[in-house]
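# Descriptive structure summary
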Amino acid sequence: MKLEGKKTYIFGVLAMISVGLRIFNLIDDETLIKLLGVFLSGEIMSVRSAIKK
């Protein structure tokens with residue numbers, strides 16, 4: 001399975017799931033910030049990789 005063109009969407013969905021978990025009080029603010037940091041960094045790297053090609 002190739003992930004070309006899908007990595008940005010995957011990271012975006014993971015970020016939205018993290019926010020959803022916070023809305024339903026399943027994680028705290030600190031955990032949300034850490035998760036968003038990881039997922040949004042991954043999203044930026046995948047966009048940069050796509051632009052570079």
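Residues numbered from 1 in each chain as written. Predicted model: local features only at pLDDT ≥ 70, side-chain atom pairs only at ≥ 80, totals over all residues. Heavy atoms only, no water.

What follows is about the overall build of the protein. Per the secondary structure count, the protein includes 2 helices and 0 strands. A compact globule built from 53 residues would reach a C-alpha radius of gyration of about 10 Å, whereas the protein, at 13 Å, exceeds it by more than 25%. Residues classed as buried in the protein amount to 17% of the 53 residues present. Element-wise, carbon and sulfur atoms account for 70% of the exposed surface of the protein, whose accessible area totals about 4300 Å². (Helix = DSSP H or I, 4+ residues; strand = E, 2+ residues; numbered from the N terminus. Rg over C-alpha atoms; globule rule 2.2 N^0.38 Å. Buried < 20%, exposed > 50% of the residue type's maximum accessible area, 1.4 Å probe, protein only. Areas by Shrake-Rupley, 256 points an atom, 1.4 Å probe, with all protein chains shown as cover.)

With that settled, consider helix α1 (residues 7-23). End to end, α1 covers 25 Å across 17 residues, agreeing with the expected 24 Å (1.5 Å per residue, within 8%). The first or second residue beyond α1 is Asn-25, which carries a positive phi of 55°. (Expected span 1.5 Å × (residues − 1).)

Turning our attention to a nonpolar patch on the surface. Among the surface-exposed residues, Leu-3, Ile-10, Val-13, Leu-14, Met-16, Ile-17, Val-19, Leu-21, Ile-23, Phe-24 and Leu-26 lie close enough to one another that they form a single nonpolar patch of about 1000 Å² accessible area. Positionally, Val-19 belongs in helix α1. Residue classification places Val-19 among the partly exposed positions, given a relative accessible area of 35%. (Patch = residues over 30% accessible without salt bridge, like charges linked within 9 Å, V, L, I, M, F, W, Y side chains within 5 Å. Salt bridge = Lys/Arg side-chain N within 4 Å of Asp/Glu carboxyl O.)

Moving on, we get to the environment of Ile-27. Tracing the backbone shows Ile-27 in the loop between α1 and α2 (29-52). Measuring from C-alpha to C-alpha, the distance between Ile-27 and Ser-41 comes to 20 Å, with 14 residues separating the pair along the chain. Non-local contacts of Ile-27, meaning those with residues more than four positions away in its chain, are made with Ser-18, Leu-21, Arg-22, Leu-32 and Leu-35. (Contact = heavy atoms within 4.5 Å.)

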